[in-house]
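For reference, the chains in residue letters:
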Amino acid sequence: MRIPCVDAGLISPLVQLLNSKDQEVLLQTGRALGNICYDSHEGRSAVDQAGGAQIVIDHLRSLCSITDPANEKLLTVFCGMLMNYSNENDSLQAQLINMGVIPTLVKLLGIHCQNAALTEMCLVAFGNLAELESSKEQFASTNIAEELVKLFKKQIEHDKREMIFEVLAPLAENDAIKLQLVEAGLVECLLEIVQQKVDSDKEDDIAELKTASDLMVLLLLGDESMQKLFEGGKGNVFQRVLSWIPSNNHQLQLAGALAIANFARNDGNCIHMVDNGIVEKLMDLLDRHVEDGNVTVQHAALSALRNLAIPVVNKAKMLSAGVTEAVLKFLKSEMPPVQFKLLGTLRMLIDAQAEAAEQLGKNVKLVERLVEWCEAKDHAGVMGESNRLLSALIRHSKSKDVIKTIVQSGGVKHLVTMATSEHVIMQNEALVALALIAALELGTAEKDLESAKLVQILHRLLEDERSAPEIKYNSMVLICALMGSESLHKEVQDLAFLDVVSKLRSHENKSVAQQASLTEQRLTVDS
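Residues numbered from 1 in each chain as written. Predicted model: local features only at pLDDT ≥ 70, side-chain atom pairs only at ≥ 80, totals over all residues. Heavy atoms only, no water.

1. Considerations on the overall build of the protein chain
Moving on, step 1. In terms of helices and strands, the protein chain carries 35 helices and zero strands.
Moving on, step 2. Rg of the C-alpha trace for the protein chain: 32 Å, well past the compact-globule value of 24 Å for 527 residues, more than 25% over.
Moving on, step 3. By principal-axis analysis of the C-alpha atoms, the protein chain measures approximately 100 × 55 × 40 Å.
Moving on, step 4. Looking at the protein chain as a whole, 55% of its 527 residues are labelled buried.
Moving on, step 5. Put simply, 71% of the contacts in the protein chain that link residues at least 6 apart link residues at least 24 apart.
Moving on, step 6. Carbon and sulfur atoms make up 50% of the accessible area of the protein chain, which amounts to about 23,600 Å² in all.
Moving on, step 7. If you average the places of the 50 positive and of the 71 negative side-chain charges in the protein chain, the two averages end up 4 Å apart. (Helix = DSSP H or I, 4+ residues; strand = E, 2+ residues; numbered from the N terminus. Rg over C-alpha atoms; globule rule 2.2 N^0.38 Å. Buried < 20%, exposed > 50% of the residue type's maximum accessible area, 1.4 Å probe, protein only. Contact = heavy atoms within 4.5 Å. Areas by Shrake-Rupley, 256 points an atom, 1.4 Å probe, with all protein chains shown as cover. Lys, Arg positive; Asp, Glu negative; His and termini not counted. Charge placed at Lys NZ, Arg CZ, Asp CG, Glu CD.)

Below, the structure is given as C-alpha cells:
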C-alpha cells in the first residue's frame, strides 16, 4: 500500500497539507505520513524530498506550549510520524538532530509530562536518537537530565521505569551528561531501587536491580561525576557502594567492586581507600569466589585491586595485607579476563618492590604458568601481560635466583620475542630484562639466547631506522653484555655489528651517540 502511494505522487501534496491551519487536517495528514514512512524506504525518501520532516519539527516547536487535549493528540501523532520516518536510519536521525529536534522534544517532555502517550513517544524518540554519537552534545546543552530524573521519580510501574532506563543508559555514556544526571539526583533514585529490590526474587525486580547498579557504575566512569560522588571518601554514595561488596547478591558484589575500580582512578582516592580498609573487603570478596566462583565478580575485584596498587605508597601496604597470596589463588583460572587482571595486579604490586618481585620470581608454579600464558596466541592481552610480568620480575628483583627460575621454566625465548613487539614500552622492558640476564646469569641463559636468535634480532633493531632511540640504546647495552659469551660473541662478530654501530655515533640523540661510541670501543677491543 505504501509504495503505490509514493508511485502515485501522493507524498508531495500530503506534505503540502501540513501547512494547513485546520487541526483535523494536520492530524490526519500526520497519521497518513506516519503510516507511509513505517518500515518503508521509499516512503521515507519521498517525505524527505518533499521536506516533510522540517515542517513537522516547526509545528512541534510552535505548538509545544499549548496543553489542551486536542493539541497534545496532534503533538503525539507528529512525534510518532518522526519516529516512523527515522527509525533505525542513522542518516535520517542525524538529519532530525541537525534540524534541532532534540531541544524541541526535551521542552515538549517538560511541559507535557502528565500526558502518558506523549511522554512515551518522547522517550522512544530519545532512545533512538541517543544511540547516535552526534546527538550527545545537543542533549548535553538541554535540561534532559533534570527532566528524566523528575519523570523517573514519579514512576511506579516497572515498564515505565524501564523505558526511562533505556534512554538514560546511552545518554550516560557522555561525561557532561553523567555529571548533569548526578547533579539532578539520579544516584539517589538508583540507590533507592537497589534497596527496594535487593531481597526480591521476582524476575522484574532482579532485572531492575541489575539495570540500576550497572547505571550507577557507568556514572562513575566520568572523572567529574566520580569525584563528586566520592566526596573525599566520606560521601553517602561511596559508603553505600562499599556496603554492596560484603552483600550476598552477586550483582551487587559485582557493581560494588566495579564502582571501587572506578573510584580508584586517581592516586588520592586510592590512598584514602587503602588506608580505610578497602583491600581487606576486596580480598574477602575474592575468597568467596575462589572455588567455582563468579567470573565477573573475580574480574571486577581484581580490576579494583590493580587500580589501587598503582600509587607507590599503596604497594607495600597491599603486599603486607597479603594481596599477592589472595591473587595467586586464581592462578589456575582458565578464564582469560581473570588471567589478564591477575597479571596486571601482580605487575602493579611488584613495581619497584624488590623483595616482592624476588619472592614471586622464585615461585616456580607462577613462572611456569606465565611461560604457558606467553603462548596464549588467542588472547593477545593475556600474552602481552604475561611477557610484561616475566620481564618485571627480573627488572625489579635483579635477582640471580629469579633469572635461573625463568631460564629453567623456558621463559627466555618469550623475552626475546617480546623485544620485537610493536609496542616500544614492551620492547624496552624486554631489552632491560635481557641485559640483566646477560649481566647476572649469562652462562645459564646462553643456549636459550642463541636458539632464540637474539643477536640477529638486535642487529635488525639497530639497523631499523624506525627503532626508537631508547630501543637502539638498550640494544647496544645488551650487545656489550653478551660479549662475555664465546658463542654469542662469535655471532656478534659474524654479523658485522661494527658497521651498524659506527653509523649511530652521529645519532641525533646524545645518549644513543655516546652508547654507540662505547659499544664500538668494546667491539673493537674484543674483535
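2. Remarks on the environment of Leu 282
Moving on, step 1. Here Leu 282 is to be found in helix H20 (residues 278-287).
Moving on, step 2. Taking the C-alpha atoms as reference, Leu 282 lies 8.0 Å from Ala 304; in sequence the two are 22 residues apart.
Moving on, step 3. Beyond its immediate chain neighbours, meaning those up to four positions away, Leu 282 contacts Ile 245, Ala 257, Ile 260, Ala 301, Ala 304, Leu 305 and Leu 308.

3. So, the UniProt feature "repeat: ARM" (unreviewed entry) in the protein chain
Moving on, step 1. As recorded in UniProt, the sites labelled "repeat: ARM" (unreviewed entry) are residues 9-51 and 277-309.
Moving on, step 2. Between the first and last C-alpha atoms of residues 277-309 the distance is 14 Å; the span itself is 73% helix and 0% strand. (UniProt positions renumbered as here; feature names shortened; annotations may be inferred.)

4. Details of the pattern of salt bridges
Moving on, step 1. Scanning the model with the defined rule gives 23 salt bridges in all.
Moving on, step 2. With its nearest N and O atoms 2.6 Å apart, the salt bridge here joins Asp 214 to Lys 210. Placement of the pair is Asp 214 and Lys 210 together in helix H15 (residues 203-219), with a separation of four residues, close to one helical turn.
Moving on, step 3. In this structure, Glu 375 engages Lys 413 in a salt bridge whose closest nitrogen and oxygen atoms are separated by 3.7 Å. Here the residue Glu 375 occupies a position in the loop between helix H26 (364-373) and helix H27 (380-397), and Lys 413 occupies one in helix H29 (residues 412-418), the gap between them amounting to 38 residues.
Moving on, step 4. Using a relative accessible area of 40% as the deciding quantity, one classes Glu 375 as partly exposed.
Moving on, step 5. Beyond isolated ion pairs, a larger network of salt bridges with shared partners links Glu 133, Lys 136 and Glu 173. (Salt bridge = Lys/Arg side-chain N within 4 Å of Asp/Glu carboxyl O.)

5. Things to note about the environment of Met 283
Moving on, step 1. Mapped onto the secondary structure, Met 283 falls in helix H20.
Moving on, step 2. Sequence separation of Met 283 and Gln 195 is 88 residues, and the distance between their C-alpha atoms is 24 Å.
Moving on, step 3. What Met 283 contacts, discounting residues up to four positions off in sequence, is Ala 321, Gly 322, Val 323 and Ala 326.

6. Some words on empty space enclosed by the protein
Moving on, step 1. Scanning the model with the defined rule gives one cavity of 30 Å³ or more in all.
Moving on, step 2. Reported here for the largest cavity is a volume of approximately 100 Å³.
Moving on, step 3. Among the secondary structure elements, those contributing two or more residues to the lining of the largest cavity are helix H6 (69-86), helix H7 (90-98), helix H8 (101-111) and helix H9 (116-130).
Moving on, step 4. Residue contributions to the lining of the largest cavity peak at four residues, all from H6. (1 Å grid on protein atoms, 1.4 Å probe; cavity = no way out; pocket = protein on both sides within 12 Å on 5 of 7 lines; lining within 4 Å. Points joined across faces, edges and corners; volume = space filled by probe spheres on them.)

7. Re the nonpolar core
Here is a general trend for soluble globular proteins: nonpolar side chains tend to be buried in one another's company.
Moving on, step 1. Among the nonpolar cores identified, the biggest contains 188 residues, and Leu 105, Phe 126, Ile 260, Leu 282, Leu 308, Leu 449 and Leu 482 are the most heavily contacted of them.
Moving on, step 2. For this core, the element with the most residues is helix H30 (residues 424-451), which contributes 12 residues.
Moving on, step 3. In contact with Leu 482, other than residues within four places in its own chain, are Ala 438, Leu 442, Leu 449, Leu 454, Val 455, Leu 458, Leu 488 and His 489. (Core = buried A, V, L, I, M, F, W, Y, C linked by side-chain atoms within 4.5 Å.)

8. Some remarks on a negative patch on the surface
Moving on, step 1. Judged by side-chain charge, Asp 159, Glu 162, Glu 166, Glu 203 and Asp 204 come together as a negatively charged surface patch.
Moving on, step 2. Secondary structure elements with two or more residues in the negative patch: helix H12 (158-171) and H15.
Moving on, step 3. Within the secondary structure layout, Glu 203 lies in helix H15. (Patch = residues over 30% accessible without salt bridge, like charges linked within 9 Å, V, L, I, M, F, W, Y side chains within 5 Å.)

9. Side note on the layout of surface pockets
Moving on, step 1. Put simply, the largest pocket is a space of about 290 Å³.
Moving on, step 2. What lines the largest pocket is a set of 15 residues, among which Met 383, Asn 387, Thr 417, Met 418 and Met 426 lie closest to the centre.
Moving on, step 3. Of all elements in the fold, only H27 and H29 reach the threshold of two or more residues within the lining of the largest pocket.
Moving on, step 4. In terms of residue class, the lining of the largest pocket is made up of five nonpolar, seven polar and three charged. (Nonpolar A, V, L, I, M, F, W, Y, C, P; charged D, E, K, R; others polar.)

10. A short note on the packing of helix H25 (residues 354-361) against helix H28 (residues 400-408)
The description of two packed helices rests on the angle between their axes and on the distance between the axes.
Moving on, step 1. Running from N to C, H25 and H28 point in directions that differ by 30 degrees, and their axes come no closer than 8 Å. Judged on the interaxial angle alone, H28 and H25 are roughly parallel. Where H25 crosses over H28, the two elements pack in a sense that is left-handed. Here Ala 357, Glu 358 and Gly 361 of H25 come into contact with H28, specifically with Asp 401, Val 402 and Thr 405.
Moving on, step 2. Within the contact of H25 with H28, the residues separate by chemical class into two nonpolar, two polar and two charged. (Axes fitted to C-alpha atoms, helices over the stretch in contact; angles between N-to-C directions. Parallel < 35°, antiparallel > 145°, perpendicular 65-115°, else oblique. Left-handed = near helix turned anticlockwise from the far one by under 90°.)

11. Some words on H28
Residue pairs spaced three or four apart in an α-helix point in one direction, given the helix's 3.6 residues per turn.
Moving on, step 1. Among the residues of H28, Val 402, Ile 403, Thr 405, Ile 406 and Val 407 are the ones counted as buried.
Moving on, step 2. Next to the buried residues of H28 lie H25, H26, H27, H29 and H30.
Moving on, step 3. Near the N-terminus of H28, the side chain that reaches the backbone nitrogen of Asp 401, with its oxygen 3.2 Å away, is that of Ser 399.
Moving on, step 4. Just past H28, the residue Gly 410 takes up positive phi, approximately 85 degrees. (Polar contact = N/O pair within 3.5 Å; in protein donor to acceptor, adjacent residues only side chain to side chain.)

12. Here we look at the packing of H8 against H9
Moving on, step 1. Put simply, H8 and H9 touch, their axes get as near as 10 Å, and they point 150 degrees apart. If you check the angle between H8 and H9, you find them roughly antiparallel. Handedness of the crossing formed by H8 with H9: left-handed. Between H8, through Val 101, Ile 102, Leu 105, Val 106, Leu 108 and Leu 109, and H9, the contact on the second element is made entirely by Leu 118, Thr 119, Cys 122, Ala 125, Phe 126 and Leu 129.
Moving on, step 2. The residue inventory of the contact of H8 with H9, partitioned by class, reads 11 nonpolar, one polar and no charged.

13. What to know about the packing of aromatic side chains
Moving on, step 1. Using the criterion set out here, one finds five aromatic pairs in the structure.
Moving on, step 2. Their ring planes at 45 degrees and their centres at 5.4 Å tell us that Phe 230 and Phe 263 sit as a pair that is tilted. With Phe 230 in helix H16 (residues 223-230) and Phe 263 in helix H18 (residues 250-263), the pair connects residues that are 33 residues apart, well separated along the chain. For the pair formed by Phe 230 and Phe 263, the shared burial category is buried.
Moving on, step 3. The interplanar angle of 90 degrees and the centroid separation of 5.2 Å between the aromatic rings of Phe 238 and Phe 263 together place this pair among those described as edge-to-face. With a gap of 25 residues between them, Phe 238 in helix H17 (residues 236-244) and Phe 263 in helix H18 connect regions that are remote in the sequence.
Moving on, step 4. Exposure remark for Phe 263: the relative accessible area of 0% places this residue in the buried category.
Moving on, step 5. Among the aromatic residues, those joined into a ring-pair cluster are Phe 230, Phe 238 and Phe 263. (Phe/Tyr/Trp six-rings, centres within 6.5 Å; stacked < 30°, edge-to-face > 60°.)

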